[in-house]
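Survey of secondary and tertiary structure
Here is what each chain is made of, one letter per residue.
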Amino acid sequence: MRSCSVCSSQFANFLPLASHYFEMLNELNVSYSLDDFETLNTGQYSCPQCAASDRDRLYALFVKTFVRRPEGRPLRILDIAPAPLLSRFLRSIPDSQYRSADLFSPLADDIVDIMDMNIYPDNSFDFIVCSHVLEHVPDDRKAIAELYRVLDKNGLAILMVPILLTAEHTDEDPDETDVNVRWARFGQDDHVRMYAKQDYMSRIRAGGFELLELDSRSFGQGTFRQQGITEQSVLYIGTK
Ligand SMILES: [Zn+2]
């Protein structure tokens, strides 16, 4: 039996990642395999009830297990580049104050460039979600420094990017605009880099964060399997 931490439904299996994705990568003859991404379950990808992906389920699991409201005030949440499903989940957290930020999306509360979030004072948030954003940003080090600045001292930040486990070095070029080249080198038409694990962790730490790596052991035996999250998945949590 599988269960989804986002919608609490139970069923036999999650749905696999859509096949057109594999077909396109095949056609482009890319050198990486989707199985080599650290947190991606192509076989048990999305929830048949709510469509949550494996990483959405990982975040919901983290919220339910580890995120607590600070003493005497609501939990101040910042959701960077909000996705409708996870945004709804975050807004449903009791005693919370939710804010979303995006450079373009009209769905966001604030139109903000993550490299310069001066509309937010230092230490403004207790919980930040920055998932699959930094690989789109021209200067990710500036963005990481800004995330660090706006996080409160006891705060927690989900800091996730696609990580290619077979890559030894991060490959990046914000000036590359050819869509097929971006797919081949960076894994998506609007990505400007493909991260290697060690380099990603160094960049986060260089921005000031203490970095925690949570894995299947952090959530109790059998939990990842039940939630359709691969054993090689890692949740990166930045603290101040
Ligand atoms: Zn679900």
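Residues numbered from 1 in each chain as written. Predicted model: local features only at pLDDT ≥ 70, side-chain atom pairs only at ≥ 80, totals over all residues. Heavy atoms only, no water.

Focus: the coordination of the zinc ion
Every protein donor of the zinc ion is listed here as Cys4 (SG), Cys7 (SG), Cys47 (SG) and Cys50 (SG), and their distances to the metal cover 2.3 to 2.4 Å. One way to put it: the four donor atoms around the zinc ion meet at angles of 106 to 112 degrees, and that makes the site tetrahedral. Donor residues for the zinc ion sit on one chain with the sequence pattern C-x2-C-x39-C-x2-C. With Cys4 in the loop between β1 (2-3) and β2 (10-11) and Cys50 in the loop between α1 (19-28) and α2 (54-66), this pair connects stretches of sequence that are 46 residues apart. Cys4 sits in the buried class, given a relative accessible area of 2%. (Donors = N, O, S within 2.8 Å, 3.2 Å for Na, K, Ca; no water. Tetrahedral: all angles 85-135°; square planar, octahedral: opposite > 155°, others 65-115°. Helix = DSSP H or I, 4+ residues; strand = E, 2+ residues; numbered from the N terminus. Buried < 20%, exposed > 50% of the residue type's maximum accessible area, 1.4 Å probe, protein only.)

Considering the side chain of Arg57
Among the structural elements, Arg57 can be located in helix α2. One buried charge, Arg57, has no salt-bridge partner; the nearest side chain with opposite charge is Asp54, at 5.3 Å. For Arg57, the side chain forms a polar contact with the main-chain oxygen of Gln44, separated by 2.9 Å. When neighbours within four sequence positions are excluded, Arg57 is seen to be in contact with Cys4, Ser5, Val6, Phe14, Gln44, Tyr45, Ser46, Cys47, Ala52, Gln227, Gly228 and Ile229. (Lys, Arg positive; Asp, Glu negative; His and termini not counted. Salt bridge = Lys/Arg side-chain N within 4 Å of Asp/Glu carboxyl O. Polar contact = N/O pair within 3.5 Å; in protein donor to acceptor, adjacent residues only side chain to side chain. Contact = heavy atoms within 4.5 Å.)

The quantities given are spatial measurements derived from coordinates; they are silent on function.
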